[in-house]
Amino acid sequence: MTSIEQSASTKRVGITGTGSCLPDRVMTNRELESIVETTDEWIQTRTGIRERHIAGPDESTSDMAAQAAFRALESARVDPEHVDAILVATCTPDTIFPNTACAVQEKIGAKSAFCMDLSAACSGFLYGMEVGRGLIASGQCRTVLLIGAEKMSTVVDWQDRTTCVLFGDGAGAVVLQTVEGERGVIASSLGADGSLGNLLGIPGGGSRRPATAESVAERLHFIRMEGNQVFRHAVVCMTEAGRKALEQAHMAPTDVDWVIPHQANMRIVRAIANRAAMPFEKFITNLERVGNLSAASIPVALDEAVRDGRIASGQTVLLVAFGGGFTWGALVLKW
Ligand code: UT7
């Protein structure tokens with residue numbers, strides 16, 4: 001378990017702009033009924049998902065990331081040439097290498113930025129927040145562009161009803177800079193448990209099981225998940241990470257105005273609300289419209305809530321995430 005606490009004497013790092021991109025095409029649960037043996041009723045009652053956005057064949061992760069990035073830079077009033085670093089959290093990169101962040105750099109014209117991808121599955125955005133915060137706090141960067149972007153439709157097995165109904169495509173971006181006064185990131189808590197990596201992941205395509213005709217025939221290049229076990233760990237780890245981050249921030253759950261959880265299943269979100277004794281109304285959710293967006297989940301929900309005015313200046317926001325690895329984290333910030 002790691003954490004970085006903000007020293008009182010230094011300026012805080014905060015989010016100065018947000019943006020998101022969802023592909024135009026919407027796939028409803030009804031449409032899925034014609035692809036696998038499922039029903040709209042099962043999906044809605046077991047997950048809360050009604051529909052998801054699916055990228056087109058020519059729309060890559062970096063295309064969605066670049067659109068989200070343009071919008072975030074515009075809202076932060078930052079010229080792409082003034083971005084010092086681009087971090088892309090993704091488990092569906094355009095290619096294994098070069099990284100997706102380099103593709104985004106080229107698409108948005110951020111010529112001065114160094115670029116890297118971050119792999120922490122659904123927790124990738126929160127891990128990226130801490131890497132970006134560290135880069136700025138150390139004086140290495142003034143402006144970091146952090147993007148969570150996923151084309152999950154390319155890694156779900158469209159023959160496996162236990163996973164293909166869950167995920168969607170999209171990207172969310174934030175601009176990180178130092179901010180004035182009380183605003184910015186107050187505390188965070190990140191964690192991981194590599195011993196449980198076998199419960200959620202893509203077995204093939206890496207150096208352990210490189211692509212072969214056999215690996216393709218065995219469908220090893222698609223997501224495999226032990227849903228029930230992942231569910232239980234997700235609830236416990238996200239609740240605990242949130243508690244730790246609030247403790248570090250010297251805050252109580254009642255001090256939090258909004259919680260943005262990683263959106264995998266509405267039952268998980270409700271279970272966290274119950275365990276943390278926080279009203280469900282404080283949880284910002286868009287799962288019903290977008291499905292599980294993995295690393296893009298939190299920044300897309302954040303952008304929507306900032307743009308529609310729910311998240312307002314001076315409010316306290318708690319972000320919590322959980323994903324393959326296992327990885328998890330929570331972060332408290334003042335908007
Ligand atoms: O983002 C990273 C973290 N990911 C998560 O947090 C996901 C966590 N897991 C979950 O959200 C849930 O475990 C699932 C949504 C994946 C599954 O829900 P569940 O309530 O745990 O269902 P289950 O796996 O216990 O399956 C119950 C039944 C099974 O049938 P039998 O064996 O009882 O006859 C499944 O075969 O539901 C069946 N089932 C389906 N039926 C219709 C599984 N998927 C479907 C489906 N449509 N799409």
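Above this text is the structure in question.
Let me begin by describing the structure that accompanies this report.

Cut-off values and rules
- Residues numbered from 1 in each chain as written.
- Predicted model: local features only at pLDDT ≥ 70, side-chain atom pairs only at ≥ 80, totals over all residues.
- Heavy atoms only, no water.
- Axes fitted to C-alpha atoms, helices over the stretch in contact; angles between N-to-C directions.
- Helix = DSSP H or I, 4+ residues; strand = E, 2+ residues; numbered from the N terminus.
- Parallel < 35°, antiparallel > 145°, perpendicular 65-115°, else oblique.
- Left-handed = near helix turned anticlockwise from the far one by under 90°.
- Contact = heavy atoms within 4.5 Å.
- Nonpolar A, V, L, I, M, F, W, Y, C, P; charged D, E, K, R; others polar.
- Near = heavy atom within 4 Å.
- Polar contact = N/O pair within 3.5 Å; in protein donor to acceptor, adjacent residues only side chain to side chain.
- Pairing = 2+ DSSP bridges.
- Salt bridge = Lys/Arg side-chain N within 4 Å of Asp/Glu carboxyl O.
- Buried < 20%, exposed > 50% of the residue type's maximum accessible area, 1.4 Å probe, protein only.
- Expected span 1.5 Å × (residues − 1).

**Here's the deal with the packing of helix α8 (residues 227-248) against helix α9 (residues 266-275)**
Next, step 1: Between α8 and α9, whose axes approach to 9 Å, the crossing angle comes to 40 degrees. With respect to α9, the axis of α8 lies oblique. Note that α8 runs across α9; the crossing there is right-handed. Two secondary-structure elements touch here, α8 through F231, A234, V235, V236, M238 and T239 and α9 through R267, I268, A271, I272 and R275.
Next, step 2: Counted by class, the contact of α8 with α9 contains eight nonpolar, one polar and two charged residues.

**Details of the site of the ligand**
Next, step 1: Surveying the vicinity of the ligand reveals 22 residues, the closest of which are T38, R46, N228, N265 and N292.
Next, step 2: A distance of 3.1 Å separates a nitrogen atom of the ligand from a polar atom in the backbone of G227.
Next, step 3: Only α2 (40-47), α6 (161-164), α8 and α9 provide two or more residues apiece to the shell around the ligand.
Next, step 4: At four residues, α8 tops the list of elements feeding residues into the shell around the ligand.

**Here's the deal with the sheet that holds strand β13 (residues 327-334)**
Next, step 1: Pairing within the open sheet is mixed, and its four strands lie in the order β8-β13-β12-β11. Where the open sheet ends on each side, the last strands, each with one partner, are β8 (184-192) and β11 (258-261). When strand polarity is set aside, the average angle formed by the axes of neighbouring strands in this sheet is 10 degrees.
Next, step 2: Here four bridges tie β11 to strand β12 (residues 316-323), and the two strands are oriented parallel to one another. Of the residues in β12, the one forming a bridge with I260 is L319.
Next, step 3: Where helix α5 (residues 124-137) meets the sheet, it contacts β8, β12 and β13, and its direction lies at approximately 125 degrees from that of β8.
Next, step 4: With respect to the sheet, helix α11 (residues 297-307) is in contact with β11 and β12, its orientation differing from that of β11 by roughly 145 degrees.

**Some points on the pattern of salt bridges**
Next, step 1: Within this structure, the stated rule accounts for 13 salt bridges.
Next, step 2: Two residues, D63 and K107, come together in a salt bridge whose shortest N-O distance is 2.8 Å. Taken together, the residues D63 in helix α3 (residues 61-76) and K107 in helix α4 (residues 100-108) connect sequence positions 44 residues apart.
Next, step 3: The exposure class assigned to K107 is partly exposed, which follows from its relative accessible area of 33%.
Next, step 4: The shortest N-O distance in the salt bridge between D303 and R307 comes to 2.7 Å. Linking D303 with R307, this pair stays in helix α11, spanning four residues, or about one helical turn.
Next, step 5: Taken together, the salt bridges that share partners define one network made up of E240, R243 and E247.

**A short note on unusual backbone geometry**
Next, step 1: Cis geometry marks the peptide bond from F97 to P98, where omega comes out at 0 degrees.
Next, step 2: For the bond from G325 to F326, the omega torsion is -15 degrees, close enough to zero to count as cis.
Next, step 3: Positive phi values are uncommon outside glycine, yet R77 reaches one of about 55 degrees.
Next, step 4: Checked against the element boundaries, R77 lands in the loop between α3 and β4 (85-89).

**As for α5**
Next, step 1: Relative to the 20 Å expected for 14 residues at 1.5 Å per residue, α5 spans 20 Å between its end C-alpha atoms, a close match to the ideal helical length.
Next, step 2: In terms of burial, α5 is a largely internal element, 11 of the 14 residues being buried.
Next, step 3: Every buried residue of α5 is listed here: G124, F125, L126, Y127, G128, M129, E130, G132, R133, L135 and I136.
Next, step 4: Phi for G139, located one or two positions after α5, is positive at around 90 degrees.

Shape is all these values report; function is a separate question.
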